[in-house]
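Understanding the architecture of this molecule
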Amino acid sequence: MTRRLTLSVFRHNPRDPASVPRQDRFVLGETAGMTLFIALNRVRDEQDPSLNFDFVCRAGVCGSCAMVINGRPGLACRTQTKDLPDEIHLYPLPNFELIGDLSVNTGKWMRGMSERLEAWTHLAGEPEHDRLETPMEPELAEAIYELDRCIECGCCVAACGTARMREDFVGAVGMNKLARFRLDPRDMRSDAAFYQVVGDDSGVFGCMALLGCHDVCPKALPLQTQIAYLRRVMARTGIL
Amino acid sequence: MKIIYSDVLVIGGGLAGLRTAIATKRRGLDTLILSLVPAKRSHSVAAQGGMQASLANAAKGRGDNEDVHFEDTVRGSDWGCDQLVARMFAHMAPKAARELAAWGVPWNRVRAGAHEAVINGERVSLDERAEAHGLITARDFGGTKKWRTCYTSDGTGHAMLYTVSDRAIAESIPVHERREALALIHDGHRCHGAVVRDLVSGELTAYLARATVVATGGYGRIWGVSTNALINEGMGAALALETGVARLGNMEAVQFHPTAIVPAGILVTEGCRGDGGLLRDTDGYRFMPDYEPEKKELASRDVVSRRMAEHMRKGKGVKSPYGEHLWLDITVLGAAHIDKNLREVKDICHYFLGIDPAKDTIPVRPTQHYSMGGVRTDHRGESPWLGGLFSCGEAACWDLHGFNRLGGNSVAETVVSGMLIGEYVADFCQSDAGDLTVSTALAREFLAREVAHLRAIAAGRGNEDGVAIRRRMEAIMTDSVGLFRNGPHLEATVGELAELLVRSQRLAMRGHRLDANPELVAAYRLPRMLKIALTVAMGALARTESRGAHAREDFPARNDRDWLKRTLVRWPEGEGAPALDYEPLDITGMELPPGVRGYGAKNIVDHPDSACRQGEVDEARAAIADRHKLQAALMPFRQLLPERYRGRNERLDEPLGARSEARQ
């Protein structure tokens, strides 16, 4: 027998002075292979066309659809309803600016973090397009890719105790990025340069090691190890 | 009226748009990017298997070069592409891969010595030479003579997009996120920018610019099931179409990828087959060698997709509640290989199918994947009919892919076209033609029109159901404008789409807000999607031949005599239907005259010029040994390139000497 699911969805339009934050309940029949992507779109198509939420790739790679699903940040597109109870509570990610309902402005947050941390490869110079590329050890390329897999979904920031208290905290996403660029020989920065952007309480020393980030990362990035390692290196850089 | 001025307005924050913006910013031009979503969420991120560039580092890539890549691309296009563009592209792809390598893409690298690979279902040992150690490696892809596809596991698009997007941030290029261009501002001859809606506040702004670049991706979402991201609704093509002046090219050229999972339609990369995966039917039988004994699973995408459909029509499909499918079997590759090189595939199988691809076969079926057609431009990316309007990437038809794109050529095209078109846009802006001469009255007129249009839609005084109309469009596109097409079905489809278009302009609305309101967004996009759908269906109906991905059951032959031409379509203002015309491809200048692709039996109506040109080409080949000189004699193209990109590409087997030699 098909289950009847109840989606209890956070609703609020921050631009409308009359809007009061509330939960709306939508009831729908579960279908085989149903994901929250399918369920929310059915709600919008059949019950309430004004419901705001964000899906882009619907395949778990673009990081648009992170939300709090029964208390836990995760990617809605690849969450199967069969793994959830009859009643499903959906909230927007905390710690981000609310656009409306389940939609939050992760893009603005991520761009701000990237600019502050200078989260890009600091090049020694421009490449010679015509020449053979500089060799790299295969294992090193794979290790960089391992940390490069972050999709900036914001789950780690939503699950972060420090981010709740400090608006300027760079989160696991920021620290992982610096770890990624630090590992990359194409980035010319020294540890002292990394210390300048991440060696304070808004960076590695603000982390309380609760590690909710590590538990919820949809890409299973090794955040625990990377944060601990970066903190050790930055502490040493700060002392020396 | 709020107006934002820039030199260059790039619409679209995917790889093509970002790389264009980097080029124009570096030329000293004030550049800004509009994006529906945060740039890193663009559909480029979903490219998995890799980027073609003839680096020739890996053992199975030895002997590769621009010539081989060019020929693969032209054959792949079923001779529908612009060969000059294909030449420029093949020449640029190694430069693009190397630039990305320097900027930070963690390309997988060659490891010297022996390693195992799976080829044609068997484990073989390959030996990588010591000099190649640490250089960018490559995997096999369909329709290619060499292993040419550079990759980062199966997250290539992600790694590329993040590196290029980070570079754009590093170079302080603003991205106005969650904004949508609703109309191009133009005077019938020259494009001056766009009217743009803030998807959060609903506010409209006129963006005025010397050059406007449409880099909005494809139009896959007019089909019900597509591998495309949800934002790929063809809105960039619609912007150009609604000018009434600019033309779209080859809209009927649409690729169906052999391996999307059933039922979600999510892609699993061609790299699965490139790395040795096999296709099997309901009996577990490997059927592709029966149809294509030479290339088997690694025939061109259009060919594999059609063979799969053919095999299912013979009753060999696997029955499922979601319709018939076949199996993709990568178990032969082993868990270690999948964990390292096909990890996104593993994740997709786990989360969307609940299976482990190292142990289980994957249910797949051909699914809409890529738009070869798009905004028709010249090789500089500019519309010949509307000055100052440029386009690149999947949104454009400059026309690299003709009637079938090779796997791995799309992400390569995004960065290559961005590198090139960015330079041409900068040249344009720095020329007299690039001066901004628009009056603010014109901007106000366009803005007022959009405001009135949105208010009328939001008032919602009609009685039609937008969701139902959209579902119907998706269904008839899937049924009639899919893998196989025929006249009667296409004719009925064109008629019904025209009706849906009329109905879509009188929708009932439940809400009336003008700020973040998904119902409003769906309502104003729907007629534009239907217009795009009509251009596709009408192009397909008119083209009475089969070429590449356009397969007509009632006209199975490729007809070079009558159809070696590009479809052009525009939508004259105030008309109820688009107007088609055609642009012939000139065989007498082709480096590779029309011939047989090498799949199935020859079924071609020859063009009278083909044999003559083939004779000239054969003569030149016999007379000139040096490949560069031969190429220059047959179809000179370097003069079309920006000067900085004219140099030869170095390879292990083709070393460049001193710096001066590289420039020749």
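Everything numeric here is computed off the predicted structure, so don't read it as measured data. (Residues numbered from 1 in each chain as written. Chains lettered and ligands numbered in written order. Predicted model: local features only at pLDDT ≥ 70, side-chain atom pairs only at ≥ 80, totals over all residues. Heavy atoms only, no water.)

**Some details on the interface of chain B and chain A**
The condition is simple: Here, residues are in contact when the closest pair of their heavy atoms is within 4.5 Å. Note on definitions: buried area is the accessible-area loss of two parts on being combined, 1.4 Å probe, summed for both. What counts as a salt bridge is simple: a side-chain nitrogen of Lys or Arg found within 4 Å of a carboxyl oxygen of Asp or Glu. Whenever a nitrogen or oxygen atom comes within 3.5 Å of another N or O atom, the pair is scored as a polar contact, on the condition that within protein one atom can donate a hydrogen and the other can accept it, and that pairs from neighbouring residues in sequence are kept only if both atoms are in side chains. Secondary structure elements are defined from DSSP: runs of H or I of at least 4 residues count as helices, runs of E of at least 2 residues count as strands, and each element is numbered from the N terminus. Classes in brief: Ala, Val, Leu, Ile, Met, Phe, Trp, Tyr, Cys and Pro nonpolar; Asp, Glu, Lys and Arg charged; the others, Gly included, polar.
Taken together, the contact pairs 86 residues of chain B with 74 residues of chain A. Together, the buried faces of chain B and chain A total about 6300 Å²; carbon and sulfur atoms form 48% of this surface. Our count for the contact surface shared by chain B and chain A stands at 15 salt bridges. Between R343(B) and E146(A) there is a salt bridge, with its nearest N and O atoms 2.9 Å apart. Viewed at the interface, chain A and chain B are joined by 50 residue pairs in polar contact (both at pLDDT 80 or more). Secondary-structure elements contributing two or more residues to the side of chain B that touches chain A are helix 3 (83–103), helix 4 (156–170), strand 7 (175–177), helix 10 (343–353), helix 13 (466–480), helix 15 (518–542) and helix 19 (659–662) of chain B. At seven residues, helix 4 of chain B tops the list of elements feeding residues into the side of chain B that touches chain A. Its residues assigned to classes, the side of chain B that touches chain A comprises 40 nonpolar, 19 polar and 27 charged.

**Thoughts on the domain arrangement of chain A**
Residue and element names in this part refer to chain A. Here is the rule we go by: Source of the domain bounds: an automatic or database domain assignment.
Split into domains, chain A comes out as domain 1 (4–104) and domain 2 (118–236). Once you take the C-alpha centre of each, domain 1 and domain 2 turn out to be 30 Å apart. Every contact between the two is made by 14 residues of domain 1 and, on the other side, 15 residues of domain 2. Of the roughly 1100 Å² buried where domain 1 meets domain 2, counting both sides, 59% is carbon and sulfur surface. Counting every contact that joins domain 1 to domain 2 gives zero salt bridges. At the surface where domain 1 touches domain 2, the tally comes to four residue pairs in polar contact (both at pLDDT 80 or more). Ranked by residues supplied to the side of domain 1 that touches domain 2, first place goes to strand 4 (residues 72–75) with four residues.

**As for the sheet that holds strand 23 (residues 579–584) of chain B**
Residue and element names in this part refer to chain B. What counts here: Strand pairing is assigned whenever DSSP detects at least two bridges linking the two strands. As a rule, the C-alpha atoms of each element are fitted with a line to give its axis, helices using only the stretch in contact, and angles between N-to-C directions run from 0 to 180 degrees.
On the basis of which strands lie adjacent, the open sheet formed by five strands has the order 18-16-11-22-23 and mixed pairing. Looking at the sheet topology across the chains shown, the edges are occupied by strand 18 (396–397) and strand 23. The sheet strands contacting helix 15 are strand 11 (248–249), strand 22 (565–570) and strand 23, and the helix crosses strand 23 at an angle near 55°.

**Topic: the packing of aromatic side chains**
Residues and elements named next belong to chain B. Basically, it comes down to this: Two rings belonging to Phe, Tyr or Trp (six-membered ring only in the last case) form a pair when the distance between their centres is within 6.5 Å. Interplanar angles under 30 degrees mark stacking, angles over 60 mark edge-to-face geometry, and anything in between is tilted. Partly exposed residues are those whose accessible area sits between 20% and 50% of the maximum for their type, while under 20% is buried and over 50% is exposed, using a 1.4 Å probe and protein chains only.
Taken as a whole, this structure holds 10 aromatic pairs over all chains when the rule is applied. Ring plane angle 65° and centroid distance 5.4 Å describe the contact between F390 and F428, whose orientation is recorded as edge-to-face. Taken together, the positions of F390 in strand 17 (residues 389–391) and F428 in helix 11 (residues 409–429) put the pair 38 residues apart, joining distant regions of the chain. Note on F390: relative accessible area 0%, which makes it buried. A relative accessible area of 7% places F428 in the buried class.

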